[in-house]
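Per-entry structural report
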Protein chains: 4
Amino acid sequence: MHSSVKVAVVGASGYSGEELVRQLIAHPHAELVALTSRQLVGQTMGSVFPRFAGMRYSELPFIASEVPAIVASGAEVVFLALPHGLAHEFAGPLLRAGLRVLDLSADFRIKDVAVYEEFYGEAHHEPALAARSIYGLAEIYRDSLRGADLVACAGCYPTSILLPLIPLLREELLEPDSIQVCSMSGVSGAGRTAKIDYLYAECNESVRAYGVPKHRHLAEIEQELSGAAGVPVFISFTPHLIPVTRGIHTTIYAKPRSGVDVQRFGEVLHRAYDGSPFVRLLEGAALPDTKHVTHSNFIDIAWRHDPRTGRVILLSAEDNLVKGAAGQAVQCLNILCGWNEASGLL
Amino acid sequence: MHSSVKVAVVGASGYSGEELVRQLIAHPHAELVALTSRQLVGQTMGSVFPRFAGMRYSELPFIASEVPAIVASGAEVVFLALPHGLAHEFAGPLLRAGLRVLDLSADFRIKDVAVYEEFYGEAHHEPALAARSIYGLAEIYRDSLRGADLVACAGCYPTSILLPLIPLLREELLEPDSIQVCSMSGVSGAGRTAKIDYLYAECNESVRAYGVPKHRHLAEIEQELSGAAGVPVFISFTPHLIPVTRGIHTTIYAKPRSGVDVQRFGEVLHRAYDGSPFVRLLEGAALPDTKHVTHSNFIDIAWRHDPRTGRVILLSAEDNLVKGAAGQAVQCLNILCGWNEASGLL
Amino acid sequence: MHSSVKVAVVGASGYSGEELVRQLIAHPHAELVALTSRQLVGQTMGSVFPRFAGMRYSELPFIASEVPAIVASGAEVVFLALPHGLAHEFAGPLLRAGLRVLDLSADFRIKDVAVYEEFYGEAHHEPALAARSIYGLAEIYRDSLRGADLVACAGCYPTSILLPLIPLLREELLEPDSIQVCSMSGVSGAGRTAKIDYLYAECNESVRAYGVPKHRHLAEIEQELSGAAGVPVFISFTPHLIPVTRGIHTTIYAKPRSGVDVQRFGEVLHRAYDGSPFVRLLEGAALPDTKHVTHSNFIDIAWRHDPRTGRVILLSAEDNLVKGAAGQAVQCLNILCGWNEASGLL
Amino acid sequence: MHSSVKVAVVGASGYSGEELVRQLIAHPHAELVALTSRQLVGQTMGSVFPRFAGMRYSELPFIASEVPAIVASGAEVVFLALPHGLAHEFAGPLLRAGLRVLDLSADFRIKDVAVYEEFYGEAHHEPALAARSIYGLAEIYRDSLRGADLVACAGCYPTSILLPLIPLLREELLEPDSIQVCSMSGVSGAGRTAKIDYLYAECNESVRAYGVPKHRHLAEIEQELSGAAGVPVFISFTPHLIPVTRGIHTTIYAKPRSGVDVQRFGEVLHRAYDGSPFVRLLEGAALPDTKHVTHSNFIDIAWRHDPRTGRVILLSAEDNLVKGAAGQAVQCLNILCGWNEASGLL
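Residues numbered from 1 in each chain as written. Chains lettered and ligands numbered in written order. Predicted model: local features only at pLDDT ≥ 70, side-chain atom pairs only at ≥ 80, totals over all residues.

Let's shift gears to the overall build of chain A. When helices and strands are tallied, chain A shows 12 helices and 14 strands. Whereas a compact globule of 346 residues would reach a radius of gyration of roughly 20 Å, chain A reaches 20 Å, a difference of no more than 12%. Each principal axis of the C-alpha distribution contributes one length, and for chain A these read about 60 × 45 × 40 Å. With 346 residues in all, chain A has 58% of them scored as buried. Once local pairs closer than 6 in sequence are excluded, the contacts in chain A between residues at least 24 apart make up 70%. (Helix = DSSP H or I, 4+ residues; strand = E, 2+ residues; numbered from the N terminus. Rg over C-alpha atoms; globule rule 2.2 N^0.38 Å. Buried ≥ 20, exposed ≤ 12 C-beta atoms within 10 Å, placed from the backbone. Contact = placed C-beta atoms within 7 Å.)

We now examine the sheet that holds strand E12 (residues 279-281) of chain A. Residues and elements named next belong to chain A. The strand order across the open sheet formed by seven strands is E9-E10-E8-E11-E14-E13-E12, and the pairing between neighbours is mixed. Edge strands, defined here as strands with exactly one partner in the open sheet, are strand E9 (208-209) and E12. Two elements, strand E13 (residues 299-305) and strand E14 (residues 312-318), share seven bridges in a ladder whose sense is antiparallel. Across the sheet, the residue bridging to Asp300 is Ala317, located in E14. Each of strand E8 (180-185), strand E10 (236-241), strand E11 (248-254), E12, E13 and E14 is contacted by helix H8 (residues 156-170), which is oriented at about 40° to E11, the strand it contacts most. (Pairing = 2+ DSSP bridges. Axes fitted to C-alpha atoms, helices over the stretch in contact; angles between N-to-C directions.)

This next bit is on the interface of chain A and chain B. Taken together, the contacts link 38 residues of chain A with 38 residues of chain B. Elements with a contribution of two residues or more to the side of chain A that touches chain B: E8, E9, E10, E11 and E14 of chain A. Here the residues of the side of chain A that touches chain B are counted per class, giving 17 nonpolar, 12 polar and nine charged. (Nonpolar A, V, L, I, M, F, W, Y, C, P; charged D, E, K, R; others polar.)

Attention now moves to the domain arrangement of chain A. All names here are of chain A. Per the domain assignment, the segments making up chain A are domain 1 (5-132) and domain 2 (157-320). Between domain 1 and domain 2, the C-alpha centre-to-centre distance is 27 Å. Taken together, the contact between domain 1 and domain 2 spans 10 residues of the former and eight residues of the latter. The element that contributes the greatest number of residues to the side of domain 1 that touches domain 2 is helix H5 (residues 113-120), accounting for four residues. (Domains from an automatic or database assignment.)

This paragraph deals with the relation of the copies chain C and chain D. When chain C is fitted onto chain D, the two copies agree to an RMSD of 0.0 Å after a turn of 180° and an axial shift of 0.0 Å. What the rotation and shift describe, once combined, is the action of a two-fold rotation axis. Most of the interface of chain C is mirrored in chain D: 100% of its interface residues are interface residues there too. (Least-squares fit on C-alpha atoms with pLDDT ≥ 70 in both.)

Residue and element names in this part refer to chain D. Relative orientation of the contacting elements helix H7 (residues 138-145) and helix H12 (residues 322-336) amounts to 30°, with a least axis distance of 9 Å. One way to sum up the angle between H7 and H12 is to call them roughly parallel. Considering how the two elements wind past one another, H7 and H12 form a crossing that is right-handed. Contacts between H7 and H12 involve Ala138, Arg142 and Leu145 on the former and, on the latter, Gln328, Gln331, Cys332, Ile335 and Leu336. Along the lines of polarity and charge, the residues of the contact of H7 with H12 split into five nonpolar, two polar and one charged. (Parallel < 35°, antiparallel > 145°, perpendicular 65-115°, else oblique. Left-handed = near helix turned anticlockwise from the far one by under 90°.)

Right, let's talk about the interface of chain C and chain D for a bit. Each partner contributes residues to the interface: chain C has 38 residues there, and chain D has 38 residues. At the level of secondary structure, the elements contributing two or more residues to the side of chain C that touches chain D comprise strand E8 (180-185), strand E9 (208-209), strand E10 (236-241), strand E11 (248-254) and strand E14 (312-318) of chain C. Its residues assigned to classes, the side of chain C that touches chain D comprises 17 nonpolar, 12 polar and nine charged.

This brings us to unusual backbone geometry. In this structure, Pro213(B) follows Val212(B) across a cis peptide bond, with omega equal to 0°. Positive phi outside glycine occurs at Tyr57(D), with the angle close to 70°. Position of Tyr57(D) relative to the elements: it lies in the loop between helix H2 (45-48) and strand E3 (62-63). The class for Tyr57(D) is partly exposed, based on 17 C-beta atoms found within 10 Å.

So, about the sheet that holds strand E2 (residues 30-36) of chain D. The strand order across the open sheet built from seven strands is E3-E2-E1-E4-E5-E7-E6 (chain D), with neighbouring strands paired in parallel fashion. With partners counted over all chains shown, the strands left at the sheet margins are E3 and strand E6 (134-136) of chain D, one partner each.

All names here are of chain B. You can see Ala81 is positioned in the loop between strand E4 (77-80) and helix H4 (87-96). Separated by 72 residues in the primary sequence, Ala81 and Val9 have C-alpha atoms spaced 6.9 Å apart. For Ala81, the contacting residues outside a window of four places in its chain are Val9, Val10, Gly11, Ala12, Gly14, Ser16, Gly17, Leu20 and Leu104.

Turning our attention to helix H10 (residues 217-229) of chain A. Residue and element names in this part refer to chain A. Given a rise of 1.5 Å per residue, 13 residues ought to cover 18 Å, and the 18 Å separating the end C-alpha atoms of H10 matches this to within 8%. Most of H10 sits inside the fold, with 11 of its 13 residues counted as buried. Every buried residue of H10 is listed here: His217, Leu218, Ala219, Glu220, Ile221, Glu222, Gln223, Glu224, Leu225, Ala228 and Ala229. Packed against the buried residues of H10 are H5, strand E6 (134-136), H8 and E10. (Expected span 1.5 Å × (residues − 1).)

What follows concerns the environment of Leu321(C). All names here are of chain C. One can find Leu321 in the loop between E14 and helix H12 (322-336). Leu321 sits in the buried class, given 28 other C-beta atoms within 10 Å. With 302 residues separating them along the chain, Leu321 and Glu19 place their C-alpha atoms 6.7 Å apart. Sequence-distant contacts of Leu321, defined by excluding residues within four places in its chain, comprise Tyr15, Ser16, Glu19, Ser188, Arg246 and Ala326.

Let's shift gears to the relation of the copies chain A and chain B. Of the transformation placing chain A onto chain B, the axial shift is 0.0 Å and the rotation is 180°, giving an RMSD of 0.0 Å. Interface overlap between copies is the fraction of interface residues in one copy that are interface residues in the other; for chain A against chain B it reaches 100%, indicating a shared surface.

A separate point is the pairing of E8(C). Residue and element names in this part refer to chain C. Counting buried positions along E8 yields six of six residues, so the element is predominantly enclosed. Burial of the side chains of E8 extends over both faces: Gln180, Cys182 and Met184 are buried on one face and Val181, Ser183 and Ser185 on the other. Sheet topology places E8 next to E10; six bridges connect them, and they run parallel. Looking across to E10, one finds that Cys182 is bridged to Thr238. Both E8 and E11 contribute to a ladder of six bridges, which runs antiparallel. Looking at the pairing, Met184 lines up with His249 of E11.

This part takes up the environment of Ile248(B). All names here are of chain B. Position of Ile248 among the secondary structure elements: in strand E11 (residues 248-254). When the C-alpha positions of Ile248 and Thr159 are compared, they lie 9.8 Å apart, and in sequence the two are 89 residues distant. Aside from chain neighbours lying at most four places away, what touches Ile248 is Cys156, Tyr157, Ser160, Ser183, Met184, Ser185, Glu318, Asn320 and Gly324.

Quick look at the structure:
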C-alpha cells in the first residue's frame, strides 16, 4: 500500500478525462502530475476546464501525448482516456517503463482478439496484453485488481448490464439465452467530438436507437456474461440516445430457469453486493432514476418478477462518466493501490 | 359523406385537448363549435392557449362540461379528452342525444370490462358501450370506423406497439409468447396536471421506468395482439419517462416462428401499410427518431433481424399527442365522416 | 400577381433551408422546383430530411449549388439560405438571369458596405446590390417589397428588436441613446454545423452570453433604428445562448422622452401592427413565451412602464427559424408576388 | 472557534434543503442532527432523497417542524429553508432558546419592514430581528458574520447582481441611476412545489420573463446597492425562466461616472475579491457559463467596456441552489464558526 501515488491522465481533453480530473482533485492519495493532449499542449488545466479554474491542479499545463514525456512526469500510474485503437500504442511502452496502466478504452477488454477485430474492425497489436489485462469491474474482479499492472476498465453500457446479471448467472438462476436488454444513454457518451449527430438541435426533443442489432459493446458484455454463466451467452441489446448529458438507464428482461424460486434473486444480489460501497439495491417501490446517480459513482439496481409472463425485469441506473468511466477507473486505482475502495469517490 | 361537420371537444384544457384544437384549426371539413372545461368556463380559447391567439376559433369561449350545453352547441361529433373514468359519464347521454363520440380515454377500449376493472381499479358503468365501440386504430380498423358512432381511440403506447406487431401476428410470423417491449415517452404523456413528479426539475436530466411490471396499457395492448394472433398473447412491457415534451419511441424484441423466412417481415409490413398515409416504413440504414415525427401524425417503423440471437427487432417513433392521441382521433373522424383520411392532418 | 411561382432554395441543407422546405410544402402558390447543396447532390429531399419523407417534394433530388443549374430548374424566385459571404456570389448572376432573389444571409442587409466590412471582416463584392436591396422586414417595408427583385431578409435577433422599437422611435417616444437589449436564442441559431460549442453536452444545463460587446447583428439593428429615429442610434445588445432548439426572447429597456405620456406606447404599437397578421400585441398580464410562437410565424410583443425607474420595458418572442428566418422570407415572397401576406404561413 | 457544531435543517424537503444536506454530508466540522418537515415526519433522509441513500446521515429520520423538537435535537445552529413568511415563526423562539439561525428566506433580509411589507404583501412580525440580522453575503459582510446569531442569507438573484456591482458602487465608478439588469434562472428556483407553470412540458423549449417590472428581490437588491453607493439606487431588473434545472446568469448594463478610467473596473474587482475563495474573475476572452459553476459554490464574473455606447457590461454565473442558497449559507456558517470559509465547500 502506497500512501501517495503519482498519476497521469493521457488524452485528458474529453469528457472522461475531465471527469477523471474532477475525481483526482478530491482524491486524498493520488497526486496528479501530468495531463496530456495532442491539441492542448501548454494550456493550463483550469483554462481548458473552466469548471476547475482556481481549484487544485488548475495551473497544471497539458503536455504532449508521448510516452517519454509521460514517463518523465514521474507518473507511477497512467489513466488512458483515449479512443479505442489508440490505447494500443501507449500501454505496452508504459508498462515496459514500469508504469501501471488503467485503460478506459475497449482495447484490452476483449480477451479473444479475433472477437475484438470482428467488433471493432481493426487489427489488435497487443494480444498478449489483452490476454493478461484485468477487467476493471471492481465489484466482480476486486481480488484480481489488487496489484494489477494493466486494467481494462469496464465500459459504460457493460457496467449497467453486467452488475445486475453476473450474480444471477453465476448462481444459474437465469436461462442464458433469454436475456434482452434495452439501454438509454446521455449524449456525453458520444464524446466531446464535433459531429452533427450530437449537436444540441439534433439531440434535444429526440430519442433514437443506434447500433442495431450489433453494437460494439456486445463483445465485452457477452464475454463477461459467458464467463459468469459457464456457457456461451448471446443477448439482444439495443442502446438509445436520449436528451440528457449524463446517465445510463438499463432495463433487462430474462427468464428464470425452470423451478427457480423468485425470492432468490434478491438474496443473491444482496449476497453479491452488500459489501460493495457503490451498488445500491433498491427496496420497496423504488425504481432507478438516473437523476439520483449523476455526478456520483453509485449504480442503483432494482428487480421485479412478472408473474404474467414469468420473466424477471432488472433495472439499473448509473452516471456513464462516473461509474461508467472515470469513477470506475478511480475505484480500480483505489483497489490496485490497496486504499479504501471509496477513497475520493464519495 | 358530409361536406362539413360540427364538432365539440370536451375536457379541452389538457395537452390532448390543445392538440385537438390545433388540428381542428387547420381542418377543411370539421367546424369547431364548442370547447368545454370545468374550470375555464367563459375564457376564450386564445386566452387559454396563447399559441393560438389570433387564429381561427381564438374567440370561442369555453363552456361547461355538461351534456345539455354540448348538445345545445349544435355539435354532431364530440371528442372526449377526459381522464379515464370520466368519459363513462358523457358517452351514453351524448350517443342517446344522437351525437357521435370519439373518446380519447381508455374507457371504451377494453371489451372485457372485468379486464378493465382489473387494470383500472374502478367499476365500469357502460359495458354495453364498451362492447360495441370501435377501437380507433385507423390502420387496423379502417373499415369498421366508417359510420361508427362510438370510437375508442387507441392509446399512445399501444399505437406504437400494435402497428408494428399486428400484421406480423396476423400472418403468424412471430412466437406469440416471445414479445418484449421497451418504450420511452415524453412528459406531456403525463398530462397538464400539477404533480411534483412531472416538474421540470424532476424530469430534466432524468430517465426512469415506471408501471413495472403491469402498466395499465397492457390491457389494451394484449387485447389487440391476442385478436391479431388468434391466441392469448401476454407481453413484457416497460415504459420509461424521458426528458422530451413529445414523442414515444418503442423497441420490440420477438422471436420468429420456426421456419419463417425473415425476408417476409418487410413484405408483410409493406402489404399492410403501403396504402396508409401515416405509416412510414423506413428503408436502408434509417432508424426511427422521435424528432422526425413530432407535431405530425406519422409513425415511423423499422425492423431488423439479428442472426446472432435469432430475434427480430421492431422500432417505432410517433408523437404521443398526435398519432398517439389527437391526430389519431382526427384521422378516425375523417374515416368516420367519409373524408380523405389525411384531411387537415398533413 | 402570379397564381403560381416556381421557387428554388439554394443551400438547403441547414436549419433555415429545412424550415423553408416545411413552409413550401404547405404553400398554395409557390412550387418548389429545386433544392441545392454542395454536399447532397443526388440525394432526395425526403432522405435528407426524414421529417418530410412521404410528403410533397420528398422525391425531389438535391442539385449542385451552381447558377446555371438553378436557372435551368425553371425557378423564378430563389431563396438563398447560405452563410454570409457566399450569397454575394449568387445574387448578381441570378438577378442578371432574370430571377428574383430572397437572401436570408446578412450580405445585402447593410446599405453602407464599410459598415458591413467592419462588422463582418470581409470585403463586399456587390455594393450596388446592397444599396438597392429591400430590407425584408415585412411589417416595416411592406410597400417597398411589392415587386422587389432583391430582398435582404431581416435577421433573427434584429426582427425581435426592431419590431417593438421602430414604431416608438418613429413617433419620437424614446430617448434614442437609452436603448439596452438582452436577447436569448435557441441553439438552432448557430446552424447545422459540427462545432464542439454547440454539442448537446455543451449546451444543455448551460446559459452563456457571447459576442460581447459587439455582435455582428448590431450593424443591421442600428441601421434600421437610426432610420426610424432620424438620428444615429447606438444600442447595447447582449445575445445569450440557452438550451432550447428554437426561439428568441428579447427584453429591451428604454427611456421615454421627457413629457411623453406612457399610454401612447400601446396606442402607437396597435396603430403600427393591427393590420399585420403575424404581430400579436399581448394584453393584460400576459408576457411573451417562446413556447407559444415556436413553429409559427408569430412574434408576440408586450410592454410595461416601470414608474420606479421611469423606463419602459419591451419584450418579444419569436421562432428564430420561422419569423426570424424562413417564415419571414416566405412572408416577403407572398408580398412580392401579390399574394395574401399569410399564404401558407398559418 | 468550535471544532464541531451540531446543526439542524428546518424545512428540508425542498431543493435548498436537499442541497444543504449534500453540503453537510461532506462537511468536516458540522454535524447534522435534525431534519424537519411538516409532511415527512418519520421518513429517513435517504428515502426522501434517493440520491443520498447509503451515505452519511441517510438513516436520519425527519422530525416535525416544531421549535421544541428542534431544540431537543441538540442543534446549536439551525438553517431555515422555509418559504418567506414562515421563517418569522421560527427565528425568534430559536434565538431565545440560545440557538443560532441561518435563514435562507427573505424574512430578515429587508431592514425596513415597510419595504418588506410593500414587496411581500404581508405583515412582518419581527422587525427587531430584521433590524439586527446580518445579511448573509459572505464576501461583503465577512467581518460582521463572525459570531453573528441571525444571518439572513442573500437571495439567488441578488447574489448574482450584488457581487459584481457593490465594489464598483463603493468606489463611485458607476452612475447609480444607470443600472439595468437581465437575469435568467433555472427552474429549481421555483421550488419543489406542484404548480402547472413549472411542469416539464411547460418549461422545456420555453423562455419567458416574469415579475415585470417589480420582482420581489428588488427590495433586497436596492437596499444593498444603496448602502454601497451611499445614495438611493433604483434599478431595472427582469428575471427570465429558462429550461435548465440549476443556474443563474446575470447581465448588467451600467454607465461609468464621467471621467472614470475604465481600467479601474478590473482593478477594483480584483482588490475586492482576490482573497475570496468563491469569486472567480474571468480573464481574457472568457465569459461566464452556468455549466462551469453548477454544483459548486463559485460565482464567475466578467466585465467589458463598450466604447460604442460608453456603457460597462458585467456578467455573472452561479448555481442558484449553491452560491445562491445552500452553499452561501454553509459559507456563512463557516465564517460564523471561525472555520475556514471554504470548509466542506470545495
